[in-house]
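Observations on the three-dimensional arrangement
Spelled out, the chains give:
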Amino acid sequence: MNFNDIKLKEDAYQVATYVKMPIAVESGSGAWVWTSDGERYLDLYGGHAVCATGHSHPRVVVAIKEQAEKLLFYSNLVYSEIRGRTAEKLVAVAPGELIQAFFCNSGTEANENAMRMARMATGRNKIVSFTGGFHGRTADSISATFLGKYRKLGEPNVPHHVEAPFGDLESAERLIDRETAGVIIEPIQSMAGVNEATPEYFSGLRHICDRNGAMLIFDEVQTGVGRTGNWFFAGSKLAAGAFPDVVTLAKSLGSGIPVGACLVNERVASSIALNDLGTTFGGGMIAMAAVLATLEAIEDEDMITNARLVEERLRDSLGGVPGVVRLRGKGCLLGIEFDSPCKPKYDALLESGVITGTSSNPNVLRLLPPLCVDADVAADAIADVLRKPFSVAT
Ligand SMILES: Cc1ncc(COP(=O)(O)O)c(C=O)c1O
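All values reported here derive from a predicted model rather than from experimental measurement.

Cut-offs and rules
Residues numbered from 1 in each chain as written. Predicted model: local features only at pLDDT ≥ 70, side-chain atom pairs only at ≥ 80, totals over all residues. Heavy atoms only, no water. Helix = DSSP H or I, 4+ residues; strand = E, 2+ residues; numbered from the N terminus. Buried < 20%, exposed > 50% of the residue type's maximum accessible area, 1.4 Å probe, protein only. Areas by Shrake-Rupley, 256 points an atom, 1.4 Å probe, with all protein chains shown as cover. Lys, Arg positive; Asp, Glu negative; His and termini not counted. Charge placed at Lys NZ, Arg CZ, Asp CG, Glu CD. Near = heavy atom within 4 Å. Polar contact = N/O pair within 3.5 Å; in protein donor to acceptor, adjacent residues only side chain to side chain. Patch = residues over 30% accessible without salt bridge, like charges linked within 9 Å, V, L, I, M, F, W, Y side chains within 5 Å. Salt bridge = Lys/Arg side-chain N within 4 Å of Asp/Glu carboxyl O. Axes fitted to C-alpha atoms, helices over the stretch in contact; angles between N-to-C directions. Parallel < 35°, antiparallel > 145°, perpendicular 65-115°, else oblique. Left-handed = near helix turned anticlockwise from the far one by under 90°. Contact = heavy atoms within 4.5 Å. Nonpolar A, V, L, I, M, F, W, Y, C, P; charged D, E, K, R; others polar. Pairing = 2+ DSSP bridges. Phe/Tyr/Trp six-rings, centres within 6.5 Å; stacked < 30°, edge-to-face > 60°. Lys NZ or Arg CZ within 6 Å of the ring centre and 35° of its normal.

This brings us to the overall build of the protein chain. Counting its regular elements, the protein chain contains 15 helices and 14 strands. Counting only C-alpha atoms and orienting by the principal axes, one finds that the protein chain spans roughly 60 × 55 × 40 Å. When the 394 residues of the protein chain are sorted by exposure, 56% land in the buried category. Just so you have it, the protein chain exposes about 17100 Å², and 53% of that area is on carbon and sulfur atoms. Computed over 37 positive and 47 negative side-chain charges, the separation of the two mean positions in the protein chain equals 3 Å.

Our next topic: the site of the ligand. Around the ligand lies a shell formed by Ser 106, Gly 107, Thr 108, Asn 111, Phe 134, His 135, Gly 136, Glu 186, Asp 219, Val 221, Gln 222 and Lys 251. Thr 108 places a main-chain nitrogen or oxygen 2.9 Å from an oxygen atom of the ligand. Separating an oxygen atom of the ligand from a side-chain N or O atom of Gln 222 is a distance of 2.8 Å. Isolated, the ligand exposes 390 Å² of accessible area, and the fraction of that covered by the protein chains is 82%. Ranked by residue count, the leading element in the shell around the ligand is helix H5 (residues 107-122), at 3 residues.

Another aspect to go through is a nonpolar patch on the surface. Judged by side-chain polarity, Leu 71, Tyr 74, Leu 77 and Val 78 come together as a nonpolar surface patch covering roughly 400 Å² of accessible area. With respect to the helices and strands, the residue Tyr 74 is situated in the loop between helix H3 (58-70) and helix H4 (81-93).

Moving on, we come to the packing of H3 against helix H11 (residues 285-300). In the contact formed by H3 and H11, the axes pass within 8 Å of each other and the chain directions differ by 155°. Comparing their axes, H11 and H3 come out roughly antiparallel. The element H3 and its partner H11 pack so that their crossing is right-handed. Contacts from Arg 59, Val 60, Ala 63, Ile 64, Gln 67 and Ala 68 in H3 reach Met 285, Ile 286, Ala 289, Ala 290, Ala 293, Thr 294, Glu 296, Ala 297 and Asp 300 in H11. Considered class by class, the residues forming the contact of H3 with H11 number 10 nonpolar, 2 polar and 3 charged.

The sheet built from 4 strands is open, its strands ordered E1-E2-E3-E13 with mixed pairing. The strands lining the two open edges of the sheet, one partner per strand, are strand E1 (25-29) and strand E13 (354-355). Sheet topology places E1 next to strand E2 (residues 32-35); 4 bridges connect them, and they run antiparallel. By the bridge assignment, Ser 27 is partnered in E2 with Trp 34.

One can describe the packing of H4 onto H11 by two numbers: an axis separation of 9 Å at closest approach and a directional angle of 35°. As H4 packs across H11, the resulting crossing turns out to be left-handed. Contact with H4, carried on its side by Ile 82, Arg 83, Arg 85, Thr 86, Lys 89, Leu 90 and Val 93, involves Met 285, Met 288, Ala 289, Val 291, Leu 292, Leu 295, Glu 296 and Glu 299 of H11 and no other residues of that element. When the residues that make up the contact of H4 with H11 are grouped by side-chain class, the tally is 9 nonpolar, 1 polar and 5 charged.

Counted under the stated rule, the structure contains 8 aromatic pairs. On the numbers, 4.9 Å between centres and 65° between planes, the contact of Phe 202 with Phe 233 is edge-to-face. With Phe 202 in helix H9 (residues 199-212) and Phe 233 in the loop between strand E8 (215-219) and strand E9 (246-249), this residue pair connects regions lying 31 residues apart in the sequence. For Phe 233, a relative accessible area of 3% gives the class buried. Following the ring pairs from residue to residue traces out a cluster consisting of Phe 130, Phe 166, Tyr 201, Phe 202, Phe 218 and Phe 233. Across the ring face of Trp 32, the terminal group of Arg 40 is positioned such that the distance to the ring centre comes to 3.6 Å.

Before going further, it helps to examine the pattern of salt bridges. Enumeration according to the criterion identifies 18 salt bridges in this entry. Residue Lys 330 is joined to Glu 196 by a salt bridge in which the shortest nitrogen-to-oxygen separation is 2.6 Å. Placement of the pair is Lys 330 in strand E11 (residues 324-330) and Glu 196 in the loop between strand E7 (180-185) and H9, with a sequence separation of 134 residues. By relative accessible area, which is 23% here, Lys 330 ends up partly exposed. Given a relative accessible area of 34%, Glu 196 falls into the partly exposed group. Salt-bridge contacts for Arg 206 lead to Asp 245; the nearest nitrogen and oxygen are separated by 3.0 Å. On the criterion of sequence distance, the pair formed by Arg 206 in helix H9 and Asp 245 in the loop between E8 and E9 is long-range, its members being 39 residues apart. This pair shows no difference in class: Arg 206 is buried, exactly as Asp 245 is. Bridged by salt links that share partners, the residues Arg 59, Glu 296 and Asp 300 form one connected network.

Structure, rendered in structure tokens:
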């Protein structure tokens, strides 16, 4: 089917709530996708920060196929070898303090459960979250999302949510108290325009939470699973070694198969009783096979080191490019900040066969490429287009 026919059909039968690129993607391999019209694009948006291992990574595809032939699904009412092996592997690559996993289906569901865990562990209700963080679109998660119009879209909001400025420890001191159940933070605020805080900010938050008996939750839906050049933001140098009580994951975790997870420490794990949490599809066999293969592919192919190289090469190649103010972010979670709106650059890149993303900050263009992208290819593709005179003029 050609693009126009595909577009007509989708527009006719799918609710019109997504702003779409004018392409229909049909197949993919590594960091490349091919459209219905046979054109090739370099995907520096990684299928929306999802395809960490690249599109249709052969190891993930084989794992899904083999599992599908054995058993598509059974819930957590039965034991399953693949679920046990996947949970073991996920805990093995996580920071040492995080000892168990709870599987669900998406980022927002992981965050809902994380906030519920914080309330269970403390017997309190108040949740503190930060200006600019995005946590999802279900009731509790959207109530914790103090970014643009999102929270308003979730009205009536869940009570007991409090907004704190991002990166400001003094206000965190004031707002986190002995009524606080949990503090949820997106460690690098991706959608807001790749906003970062200092490592000391995270260790400071840890101390404030400890002093008040509040649970610290890192929403690593974007930063997790290797994207920042570390398996997790939690416990890394980026967080000055600070460990949260809960880490939430989704996006990259299953290479495109919907899956989310909460990783918890001993204190949180021991406060959860039988039947306190649950979801039908969480921990299903296809998702587990995809997660295990994803983690193994990232590890065996050293994609985390590559993610660091991508950042390094981008920093080099953007030096002296007119209009570029700076490169924000870490690894394969990057934002190019311009001195003017980035939309013309986004359009020019797409026109040249390079998929990138915008953000809530009109001047910041986001790059969320697969962790396996060739660093030189990515850096050259961006710099070549941005150095063209018409980009400078816009
Ligand atoms: C940091 C963060 N948290 C949570 C979510 C929600 O994840 P999902 O769309 O899988 O519900 C997103 C989605 O973009 C996100 O970027």
